Amino acid sequence: MLRRKLCLKLTAAAAALIMLMPLRASAVSVVNSDIPCQAAVLREALTGKILFQKNMDKKMSPASITKIMSLLLVMEALEDGKISLQDEVTASPHAVSMGGSQIWLKENEVMTVDELLKATAISSANDATVALGEFIAGSEEGFVAMMNERADDLGMKNTHFENCTGLDAEGHLTTAEDISIMAMELIKYPLIKKYSTVWMDELRGGKTQLVNTNRLVRFYKGTTGLKTGTTDDAGCCLCATAERDNLPLIAVSLGSRTSNERFESCKGLLNFGFSNYKAVKIPSLKGSLEPVRVKKGEIREIGLKADAPEFTITEKGKKSPLEIEVEKTPFFEAPVKQDERAGTVKIMQDGIILSEIPLFTAYPVEKLNYIHSLERIFAAVFSL
């Protein structure tokens, strides 16, 4: 298997080389120890494949990268209509007691959800994050329980949250891989980019200035976010997201010694991804999804549907056309519900699976009853 090199430019040292293997269906590339962090992941967000990793399952303190999950729950509450951006939130004594990064909320001060989102996503304000969590769940404890439940739902098997801010706490741990999972979920919400891509903003009529803690927003082309973090236990951390030419990437760097190292680590990871991979348009599935036979149904076959994304990922330099391979259930027996799993569409190139798209039934089919059976018999007889 061919090996590639990624050069990470360090601020005060010679360039360090990272040895990589190109993407394969059954392999994940492993970065060597030269990358200046304790753990790292590069994931592409089209199919969710990990392009390479270093110690991605190592449990570590995530610092304010924790807020990715906090922000995800806010986005979900907005989408579900449970809260709105215009809702007013009153700061509690607990929220204003937070240390670390903050906007210095005063007890009973009122801000909108929109303003608190700005403070959380741009300036990593702990007091604003807790205020949002209390508004959604009634208490920080209740919100943290929601965070852990959502982490389980997403398959973040090595994550446990003790708070919604990322302040150091015993047992508050996650991994680079798990961070990339929740980041991929968060960037599905276009609204988050309204906040995570802002370099500078203000609150309180200009009295409070907000400066993004993620300097890649200003200095790295295509950056869409996402979250920095720094504590004594965690070191310097960063989850950086960027998109170029329809290819969205997620880079995670944990446990760097300095702030510069975390930014250079993620820049190197993103540079590698954009240099070696590209987004390609998935061919139309029209004509590939033939109906499936239905036994004992009111109708004899059922149509299929697939929520196919527009793009998938492949290595740069490959020019072979994409191929579609459909694996589907040979038949159903009525009754059949709508959205029953019916198979998989595989997007292939040179025999390698680039992505897999689930197939579902497009509508329900009821079981054939006595009247319909007679109608079929008569129709068959009179057609002779």
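Draft legend 1. Layout of the sheet that holds strand E20 (residues 341-349). A sheet is described by the order of its strands in space; here four strands give the open sequence E16-E21-E20-E18, paired in antiparallel fashion. Edge strands, defined here as strands with exactly one partner in the open sheet, are strand E16 (304-305) and strand E18 (323-328). By the bridge criterion, six bridges tie E18 to E20 in an arrangement that is antiparallel. Bridging from a neighbouring strand, Val326 pairs with Val345 of E20.

Draft legend 2. Layout of the side chain of Asp114. Within the secondary structure, Asp114 sits in helix H3 (residues 113-123). Overall, the relative accessible area of 16% leaves Asp114 in the buried class. In terms of polar contacts, Asp114 uses its side chain to reach the side chain of Tyr195, at 2.6 Å. Here Asp114 is in contact with Leu85, Lys194 and Tyr195, once residues within four sequence places are set aside.

Draft legend 3. Spotlight on the pattern of salt bridges. Following the criterion strictly, the structure yields 14 salt bridges and no others. With a shortest N-O distance of 3.3 Å, Lys194 and Asp114 are connected by a salt bridge. Of this pair, Lys194 sits in helix H7 (residues 192-196) while Asp114 is found in helix H3, placing the two residues 80 residues apart along the sequence. For Lys194, a relative accessible area of 44% puts it in the partly exposed group. Among the charged side chains, a network of salt bridges with common partners joins Glu76, Arg150, Glu185 and Lys188.

Draft legend 4. Focus on the sheet that holds strand E15 (residues 301-302). In spatial order, the strands read E15-E14-E19; together these three strands make up an open sheet with mixed pairing. This sheet does not close on itself; its edge strands, each paired only once, are E15 and strand E19 (331-333). As defined by bridge partners, strand E14 (residues 292-295) adjoins E19 across three bridges and the pair is classed as parallel. Opposite Arg293, over in E19, you have Phe331 as the bridge partner.

Cut-offs applied
- Residues numbered from 1 in each chain as written.
- Predicted model: local features only at pLDDT ≥ 70, side-chain atom pairs only at ≥ 80, totals over all residues.
- Heavy atoms only, no water.
- Pairing = 2+ DSSP bridges.
- Helix = DSSP H or I, 4+ residues; strand = E, 2+ residues; numbered from the N terminus.
- Buried < 20%, exposed > 50% of the residue type's maximum accessible area, 1.4 Å probe, protein only.
- Polar contact = N/O pair within 3.5 Å; in protein donor to acceptor, adjacent residues only side chain to side chain.
- Contact = heavy atoms within 4.5 Å.
- Salt bridge = Lys/Arg side-chain N within 4 Å of Asp/Glu carboxyl O.

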